[in-house]
Amino acid sequence: MKKCSSCRGNMEKLQSATPEGFSYHYYRCIKCGEEILDMKQLHVVADKYRKVKHYRAKLSKWGHSLGLRIPKEISQKYHLSDKNDVILVQEKDGIKIIPV
Ligand SMILES: [Zn+2]
């Protein structure tokens, strides 16, 4: 059993996930609530990040709006076609596109 570095209390193993859906384990002290993420878990999460391909897409002007070109690979993966509607969710660092 892992011991808390600040109060020597027992730590429980918990699971959480990044906003991208990568799950990882961390420890939380049952006594004082101190949370730690071990280095091994950090590397696991960082590795998963590296394996996800990032796409760069160009915006084009469409009247007063902007059009976004979605690469074929992504549209196939998420089953998008020109008949689909999507929902744009405004988030702190960007926009999330959710197929309806
Ligand atoms: Zn503690």
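Rules behind the numbers
- Residues numbered from 1 in each chain as written.
- Predicted model: local features only at pLDDT ≥ 70, side-chain atom pairs only at ≥ 80, totals over all residues.
- Heavy atoms only, no water.
- Helix = DSSP H or I, 4+ residues; strand = E, 2+ residues; numbered from the N terminus.
- Rg over C-alpha atoms; globule rule 2.2 N^0.38 Å.
- Buried < 20%, exposed > 50% of the residue type's maximum accessible area, 1.4 Å probe, protein only.
- Contact = heavy atoms within 4.5 Å.
- Donors = N, O, S within 2.8 Å, 3.2 Å for Na, K, Ca; no water.
- Tetrahedral: all angles 85-135°; square planar, octahedral: opposite > 155°, others 65-115°.
- Domains from an automatic or database assignment.
- Pairing = 2+ DSSP bridges.

Chemist: Explain the overall build of the chain here, please?
Modeler: From N to C terminus, the chain includes two helices and seven strands. Mapped in sequence order, the helices and strands of the chain form the string β-β-β-α-β-β-α-β-β. In terms of overall size, the chain is more extended than a compact globule, its C-alpha atoms giving a radius of gyration of 20 Å where 100 residues would be expected to give roughly 13 Å. Projected onto its principal axes, the C-alpha coordinates of the chain cover approximately 65 × 25 × 20 Å. Looking at the chain as a whole, 14% of its 100 residues are labelled buried. Contacts in the chain between residues at least 24 apart in sequence constitute 17% of all its contacts with a sequence separation of at least 6.

Chemist: Where do I start with the coordination of the zinc ion in this structure?
Modeler: The textbook angles at a metal center are 109.5 degrees for a tetrahedron of four donors and 90 or 180 degrees for an octahedron of six. In the first shell of the zinc ion, the protein supplies Cys4 (SG), Cys7 (SG), Cys29 (SG) and Cys32 (SG), at 2.2 to 2.4 Å from the metal. Metal-centred angles of 97 to 120° between the four donor atoms at the zinc ion mark the site as tetrahedral. Taken in chain order, the donor set of the zinc ion reads C-x2-C-x21-C-x2-C. Here the residue Cys7 occupies a position in the segment before strand E1 (11–17), and Cys32 occupies one in the loop between strand E2 (23–29) and strand E3 (35–36), the gap between them amounting to 25 residues. Since its relative accessible area comes to 43%, Cys32 is described here as partly exposed.

Chemist: Which parts of the structure should I look at to understand the domain arrangement of the chain?
Modeler: By convention, interface size is frequently given as the accessible area that disappears when the constituent parts associate. Domain assignment breaks the chain into domain 1 (11–51) and domain 2 (59–99). Here the C-alpha centre of domain 2 lies 31 Å away from the C-alpha centre of domain 1.

Chemist: I tried to follow the sheet that holds E3 on my own but got confused; where do I start?
Modeler: Within a sheet, adjacent strands bond to each other through the backbone by hydrogen bonds, running parallel or antiparallel. Taken in spatial order, the three strands of this open sheet run E1-E2-E3, and their pairing is antiparallel. Either end of the sheet is taken by a strand with one partner, and the two such strands are E1 and E3. In terms of strand pairing, E1 meets E2 through seven bridges, oriented antiparallel. Its bridge partner being in E2, Glu12 is matched across the sheet by Arg28.

Chemist: Mind showing me how you'd approach the pairing of strand E4 (residues 59–62) here?
Modeler: Regular strands show a simple pattern: their side chains alternate between the two faces of the sheet. Pairing between E4 and strand E5 (residues 65–68): four bridges, direction antiparallel. Within E5, the position partnered with Lys61 by the bridge is Leu66.

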